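Listed here are the chains, written in short residue letters.
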Amino acid sequence: MDQQNQNLSCHYDKIMDFFYNNSNRNQSKTDDSWDNTQLILVQVVGCLFCCFILFANALVITAVITNRRFHFPFYYLLSNLAASDFLAGIAYVYLMFNTGSVSRQLTVNGYFFRQGLLDISLSASLSNLLVIALERYVSIMSFKVHSNLTKRRVTLLIFLVWAVSILMGAVPSMGWNCICDLDTCSKLAPIFSTSYVIFWSVSNLVMFLVMVAIYIRIYMYVKKKTAGMKQHTNNSINRKKTPIKLIKTVMVVLGAFVICWTPGLLVLLVDGVCESCKVTKFKRWLLLMAVANSVMNPCIYSYKDQEMWRTIKNLLRCIGNGTRRQRSSKANARHLHSGQDTGNSPLPSDEME
């Protein structure tokens, strides 16, 4: 009876060690423990990836801002996807240094903040991909390179994406958690309710299916359209290669996202529906797969879009030239200063003579 009353009371004053012990009470501690070597490896590799994520996505955003050829709805939404990956890089860095034994010492609010950053970045990435899919659908159905969305509507869509993402990331801290009902706690996220974990994983998997269905519809339409155009003239097809290239770029991005995130979502779903399943041993590797996805995206943009790659190379040249110029100016300043010192030194002896 006392145990039941404890499970139904609220525990906002406890640190996360209490909730980890509760969630994994039927499992050995080695299933959730971090070996020091593994932890250091994950932190080093993860931080290197995160530095690349932050730098590469900042380059993509800057490329869209500085190149007028990218001032279209598709590229605005693509830069917003890069912004969500940039946030993911920040979230991963924060997670890397607040995991393992450190995570057990976090407060409830500290854990909500850590997981909230991850959930917001994932929701933003997924929402951006869905909005891009819809934008591509509208443009391709009229067989145009870009849709007729105005800047105001694109801005509204971007605002909506972030509003929904922040809401999804804040839902557990707003009450959908197990802090007051320990029997419903998830094993992977010890203060998240299993019902929320199921909702989160199922809703994201459904969004995956919706986006895949949209792109299959687009692909079938483009295939049919180009087959009909081949009977008339090849020039028309050459002029319309650009929208097809953009579709291929987004399909590769979506494919990478699905491959990297589907295993994690399936494990979350298993965690929600299976009490006896041991899922905690997979979480560190699923985390690295999620990090890898944010690493791949800017590489895909650059590889699949020649104009994007040229713009990024120009930006890198500017950064390199600026660095060399700065070093040269510092060296000249030091040389001038030393020259002035040597030039002034004989004056006293001249005056004495």
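Residues numbered from 1 in each chain as written. Predicted model: local features only at pLDDT ≥ 70, side-chain atom pairs only at ≥ 80, totals over all residues. Heavy atoms only, no water.

- The name given to the chain in an unreviewed UniProt entry is Lysophosphatidic acid receptor 3, with Oryzias latipes as the source organism.
- Turning to the chain, the UniProt annotation filed under Sequence similarities (unreviewed entry) states: "Belongs to the G-protein coupled receptor 1 family."
- UniProt annotates the chain under Subcellular location (unreviewed entry) with the comment "Cell membrane". (UniProt positions renumbered as here; feature names shortened; annotations may be inferred.)

Observations concerning the overall build of the chain
Turning to step 1, where the next piece is worked out: Scanning the chain from terminus to terminus reveals 12 helices and zero strands.
Turning to step 2, where the next piece is worked out: If you list the helices and strands of the chain from N to C, you get α-α-α-α-α-α-α-α-α-α-α-α.
Turning to step 3, where the next piece is worked out: Expressed as a percentage of its 353 residues, the buried residues of the chain come to 46%.
Turning to step 4, where the next piece is worked out: Long-range contacts, defined here as pairs at least 24 residues apart, represent 81% of the contacts in the chain between residues at least 6 apart.
Turning to step 5, where the next piece is worked out: Taken as a whole, the chain presents about 19,100 Å² of accessible surface, with 63% of it coming from carbon and sulfur. (Helix = DSSP H or I, 4+ residues; strand = E, 2+ residues; numbered from the N terminus. Buried < 20%, exposed > 50% of the residue type's maximum accessible area, 1.4 Å probe, protein only. Contact = heavy atoms within 4.5 Å. Areas by Shrake-Rupley, 256 points an atom, 1.4 Å probe, with all protein chains shown as cover.)

Some thoughts on a nonpolar patch on the surface
Turning to step 1, where the next piece is worked out: Together, V212, I216, Y219, M220 and M251 make up a nonpolar patch on the protein surface, roughly 460 Å² of accessible area in all.
Turning to step 2, where the next piece is worked out: Here the nonpolar patch gets four residues from one element, more than from any other, and that element is helix 7 (residues 194–230).
Turning to step 3, where the next piece is worked out: Along the chain, I216 falls in helix 7. (Patch = residues over 30% accessible without salt bridge, like charges linked within 9 Å, V, L, I, M, F, W, Y side chains within 5 Å. Salt bridge = Lys/Arg side-chain N within 4 Å of Asp/Glu carboxyl O.)

Thoughts on the packing of aromatic side chains
Turning to step 1, where the next piece is worked out: Throughout the structure, instances matching the rule amount to 13 aromatic pairs.
Turning to step 2, where the next piece is worked out: Plain terms: the ring middles of F192 and Y196 are 5.7 Å apart, the flat faces sit at 85° to each other, and that makes the pair edge-to-face.
Turning to step 3, where the next piece is worked out: With a relative accessible area of 5%, F192 lands in the buried category.
Turning to step 4, where the next piece is worked out: Taking relative accessible area as the criterion, Y196 reaches 1% and is therefore assigned buried.
Turning to step 5, where the next piece is worked out: With a centroid separation of 5.6 Å and an interplanar angle of 90°, the aromatic rings of F208 and F257 are classed as edge-to-face. With F208 in helix 7 and F257 in helix 9 (residues 241–273), the pair connects residues that are 49 residues apart, well separated along the chain.
Turning to step 6, where the next piece is worked out: A connected cluster of aromatic rings, assembled from ring pairs, spans Y111, F112, W176, F192, Y196, F199 and W200.
Turning to step 7, where the next piece is worked out: One cation-aromatic arrangement involves K14 over F18; the distance from NZ or CZ to the ring centre is 5.2 Å. (Phe/Tyr/Trp six-rings, centres within 6.5 Å; stacked < 30°, edge-to-face > 60°. Lys NZ or Arg CZ within 6 Å of the ring centre and 35° of its normal.)

Considering the UniProt feature "transmembrane region" (unreviewed entry) in the chain
Turning to step 1, where the next piece is worked out: Following the UniProt record, the feature "transmembrane region" (unreviewed entry) maps to residues 40–65, 77–97, 117–134, 154–176, 196–220, 249–270 and 282–303 here.
Turning to step 2, where the next piece is worked out: The annotated region residues 40–65 carries 100% helix and 0% strand content, and the separation between its end C-alpha atoms amounts to 37 Å.

Details of the state of the cysteines
Turning to step 1, where the next piece is worked out: Under the defined criterion, the tally for this structure stands at two disulfides.
Turning to step 2, where the next piece is worked out: C10 shares a disulfide with C180; S-S distance 1.8 Å. Given an S-S torsion of about 105°, the disulfide between C10 and C180 has right-handed geometry. Separated by 170 residues along the polypeptide, C10 in the loop between helix 1 (2–8) and helix 2 (16–23) and C180 in the loop between helix 6 (151–170) and helix 7 bring together distant segments of the chain.
Turning to step 3, where the next piece is worked out: Shown here is the disulfide that connects C178 with C185, its sulfur atoms set 2.0 Å apart. With the S-S dihedral at roughly 105°, the linkage between C178 and C185 falls on the right-handed side. Judged on exposure class, the residue C178 and its partner C185 are both buried. (Disulfide = S-S within 2.5 Å.)

Notes on the confidence of the model for the chain
Turning to step 1, where the next piece is worked out: Here the chain shows a mean pLDDT of 80. Residues at 70 or above account for 80%.
Turning to step 2, where the next piece is worked out: At the low end of the mean pLDDT range in the chain sits helix 12 (residues 347–352), at 40; at the high end sits helix 6, at 93.
Turning to step 3, where the next piece is worked out: Here residues 236–240 scores under 50 on pLDDT; set against residues more than four positions off or in separate chains, the count is six contacts. (pLDDT = per-residue confidence, 0-100.)

Observations regarding empty space enclosed by the protein
Turning to step 1, where the next piece is worked out: Applying the stated rule across the entire model yields one cavity of 30 Å³ or more.
Turning to step 2, where the next piece is worked out: Roughly 50 Å³ of volume is contained in the largest cavity.
Turning to step 3, where the next piece is worked out: Within the residue set of the lining of the largest cavity, elements represented by two or more residues are helix 4 (73–96), helix 5 (108–141), helix 9 and helix 10 (283–304).
Turning to step 4, where the next piece is worked out: For the lining of the largest cavity, a count of residues per class yields six nonpolar, four polar and one charged. (1 Å grid on protein atoms, 1.4 Å probe; cavity = no way out; pocket = protein on both sides within 12 Å on 5 of 7 lines; lining within 4 Å. Points joined across faces, edges and corners; volume = space filled by probe spheres on them. Nonpolar A, V, L, I, M, F, W, Y, C, P; charged D, E, K, R; others polar.)

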